[in-house]
Amino acid sequence: MKLKRAWKGIAAALGVGMLVSAMGACGAGGGADGSKTTLTFLSWNNEQTMRPYIDQFEQQNPGIKVDFNYSPPTAEYVQTLQTRLVGNQAPDVFVITSENKADLIKNSYVRDLTDEPFMRNISQANKDFVSHQGKVYGMSVSSWASGIVYNKDLLAKVGAKKVPETWDGFLQLCKKLKAAGVTPFLEGIADAPSQIPDAFLGSQLARDKVDVNSLIDRRPQQPGSDQREAVAAWMKLYDQGLSTRDTVGISGDDRKTQFINGQVAMICTGPWDLPSISQSGFKWGMAPMPLMEEGMPNYAQGSPSPAYAIYSHLKGAKLKAARKFLTFMDSRWALQHSADNGDAITVQGFKAKVKPEYEEVYRTSLQTGRYFLVMNFYAKPDVLTTVRQSETQQLVQGSINVDQWAKAIDDKMASVK
């Protein structure tokens, strides 16, 4: 699966939680002859990133040696792991994420971690990300969420100090900005579908009390129909002329550049764009995603970071070492180290320091677990990502309507075995 630039940004945000891999507590110990236990670890962060953490782990666990291997995300990593698993060369600890979790769980490659002590403080949203039929198969300690980034000076031209809390209010603000000669809002549909419908679908599912982990087992898979209401609400931007349909040719980087240059009042983005926006020098803020409808729970597009998994066939000293490896992921030392690297920690009881502009999104979306990424909860996420991209471009261009968009996606998903 070839990832386009916007999805590279999301993959990077998804991957920031993997920056910690050090282990604390006492050493796992070696064999009776004093030899060390070797723990094999396949990561999708490179050794330059991981080496300080591995060194710290080995220092605190003198009976364990980490045999580190690296494969870059996402497609290459998934293929490398699959090759090792089927070739009886499985790593002891590895990464589980949306692109490979269905296969890993179906083929019993990953250990059930549900009742492990190190899972006690892991947030429910992070557990849901790598769960199936009530069992949890990985440990994720951080997450990301998107929001509306806005130029304070441009909003002030129409007397607005912040982004409205509801979608109707947001559309009204866009109308005022357009009337004042300001481009209200810009997306980058050349890279990936809009982030807004994912947030809206998360709100719908919560409103309707749908267990997100049930979506992957539904047959047929109908992500188009499930998201139809959310997409129809989002498309008001284009149907009312509040955003240009030329956005299908605009990349995520183009959108960010126009925002930084003061050419547009608002964009929707995640934490990966905030450092460069911070360096721009103008006054800006970030608000949670507007509510699709008043009274609904507020959701952002977002996702837990990829999780650590333990190979299901481990026993003895190897299993003890792997458990220690994950135990430290929930320790104060590791969480703080991860937070210092810029991760938004979502472990219960830990408060991460984030950029002041990101604080409200962190508080209302991440700490509450109210974020949703459609590709995390349907079968064949690679197929879903591709078909949503192509059909969304046609929808924005006006060559198909929302019903046709939903049907095309559902038909494609039904055709994949």
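Above this text is the structure in question.
Only a predicted model underlies this, so the values are computations on that prediction, with no experimental measurement involved. (Residues numbered from 1 in each chain as written. Predicted model: local features only at pLDDT ≥ 70, side-chain atom pairs only at ≥ 80, totals over all residues. Heavy atoms only, no water.)

*Asks:* Any chance you could break down the packing of helix α17 (residues 381-397) against helix α18 (residues 402-415) for me, citing the residues and the numbers?
*Replies:* Orientation of α17 relative to α18, taken along the N-to-C sense of each, is 160°, at an axis distance of 10 Å. Between α17 and α18, the crossing angle belongs to the class labelled roughly antiparallel. For the crossing formed where α17 meets α18, the hand is right-handed. Of α18, the residues touching α17 (which contributes Val 383, Leu 384, Val 387, Arg 388, Glu 391, Thr 392 and Leu 395) are Val 402, Trp 405, Ala 408, Ile 409, Lys 412 and Met 413. Of the residues assigned to the contact of α17 with α18, the class counts are nine nonpolar, one polar and three charged. (Axes fitted to C-alpha atoms, helices over the stretch in contact; angles between N-to-C directions. Helix = DSSP H or I, 4+ residues; strand = E, 2+ residues; numbered from the N terminus. Parallel < 35°, antiparallel > 145°, perpendicular 65-115°, else oblique. Left-handed = near helix turned anticlockwise from the far one by under 90°. Contact = heavy atoms within 4.5 Å. Nonpolar A, V, L, I, M, F, W, Y, C, P; charged D, E, K, R; others polar.)

*Asks:* Quick one: what's the story with the sheet that holds strand β7 (residues 147-151), residue by residue and with numbers?
*Replies:* Taken together, the four strands give an open sheet; going across it, the order is β8-β9-β7-β10, and neighbouring strands pair in mixed fashion. Looking at strand neighbours, the two that pair on one side only are β8 (185-186) and β10 (284-287), the edges of this open sheet. Taken strand by strand, helix α7 (residues 167-179) contacts β7, β8 and β9 (266-269), and its axis lies near 140° from that of β9. (Pairing = 2+ DSSP bridges.)

*Asks:* I'd like a rundown of the sheet that holds strand β13 (residues 344-345), residues and numbers included.
*Replies:* One open sheet holds the four strands; their spatial order is β13-β6-β11-β14, and the pairing between them is mixed. Each edge of the sheet is formed by a strand with only one pairing partner; in this case those strands are β13 and β14 (371-372).

*Asks:* Lay out the pairing of strand β2 (residues 64-70) in plain terms, naming residues and giving numbers.
*Replies:* Of the strand pairs in this sheet, strand β1 (residues 37-43) and β2 are connected by seven bridges, and their pairing is parallel. Residue pairing for β2: Thr 40 is matched across the bridge by Asp 67. What joins β1 to β2 is helix α2 (residues 47-60), and the crossover it makes is right-handed. (Right-handed = clockwise from strand over helix to strand, strands pointing away.)

*Asks:* Give a description of the pattern of salt bridges that names residues and reports values.
*Replies:* Using the criterion set out here, one finds 16 salt bridges in the structure. Among the ionic pairs, Glu 229 bridges to Arg 207, the shortest N-O distance being 3.4 Å. Highlighted residues: Glu 229 in helix α10 (residues 228-234) and Arg 207 in helix α8 (residues 196-207), separated in sequence by 22 residues. Assessed through its relative accessible area of 30%, Glu 229 is described here as partly exposed. Here Asp 273 makes a salt bridge to Arg 255, at a shortest N to O gap of 3.0 Å. Here Asp 273 is found in the loop between β9 and α13 (274-278), whereas its partner Arg 255 is found in helix α12 (residues 252-260), with 18 residues between them in sequence. A single burial state applies to Asp 273 and to Arg 255, both of which are buried. One network of salt bridges, in which partners are shared, links Glu 47, Arg 51 and Asp 55. (Salt bridge = Lys/Arg side-chain N within 4 Å of Asp/Glu carboxyl O. Buried < 20%, exposed > 50% of the residue type's maximum accessible area, 1.4 Å probe, protein only.)

*Asks:* Can you break down a negative patch on the surface residue by residue, with the values?
*Replies:* Among the surface-exposed residues, Glu 165, Asp 168, Glu 293, Glu 294 and Glu 360 lie close enough to one another that they form a single negatively charged patch. Along the chain, Asp 168 turns up in helix α7. Taking the relative accessible area as the measure of exposure, Asp 168 reaches 49% and is therefore partly exposed. (Patch = residues over 30% accessible without salt bridge, like charges linked within 9 Å, V, L, I, M, F, W, Y side chains within 5 Å. Areas by Shrake-Rupley, 256 points an atom, 1.4 Å probe, with all protein chains shown as cover. Lys, Arg positive; Asp, Glu negative; His and termini not counted. Charge placed at Lys NZ, Arg CZ, Asp CG, Glu CD.)

*Asks:* Outline the pairing of strand β11 (residues 300-304), listing residues and values.
*Replies:* Counting buried positions along β11 yields five of five residues, so the element is predominantly enclosed. Where strand β6 (residues 142-145) meets β11, three bridges bridge the pair, whose relative direction is antiparallel. Within β11, the residue paired with Trp 144 across the bridge is Ser 303. The sheet contact formed by β11 and β14 spans two bridges and is parallel. Within β14, the position partnered with Ala 300 by the bridge is Tyr 371.

*Asks:* Residues and numbers for the nonpolar core, please.
*Replies:* Phe 94, Leu 326 and Tyr 358 are the most contacted members of the largest nonpolar core, which has 74 residues in total. Looking at this core, the element that brings in the most residues is helix α14 (residues 316-329), giving six residues. Not counting chain neighbours up to four residues away, the residues in contact with Tyr 358 comprise Trp 144, Ala 145, Pro 271, Leu 274, Met 286 and Leu 366. Formed by 54 residues, the second largest nonpolar core is a distinct cluster that contains Leu 155, Ala 265, Val 396 and Ala 406. (Core = buried A, V, L, I, M, F, W, Y, C linked by side-chain atoms within 4.5 Å.)

*Asks:* So what about α2? Which residues, and what values?
*Replies:* When the terminal C-alpha atoms of α2 are compared, their 19 Å separation across 14 residues agrees well with the 20 Å that a helix rising 1.5 Å per residue should span. For α2, the full list of buried residues reads Met 50, Tyr 53, Ile 54, Gln 56 and Phe 57. Elements that come into contact with the buried residues of α2 comprise β1, β2, β12 (307-310), α14 and α15 (332-340). (Expected span 1.5 Å × (residues − 1).)

*Asks:* Mind laying out the environment of Ile 148, listing which residues take part and the relevant values?
*Replies:* Turning to its location among the elements, Ile 148 is positioned in strand β7. Sequence separation of Ile 148 and Ala 344 is 196 residues, and the distance between their C-alpha atoms is 18 Å. Sequence-distant contacts of Ile 148, defined by excluding residues within four places in its chain, comprise Val 163, Phe 170, Phe 185, Met 266, Ile 267, Cys 268, Gly 285, Met 286, Ala 287, Pro 288, Met 289 and Pro 290.

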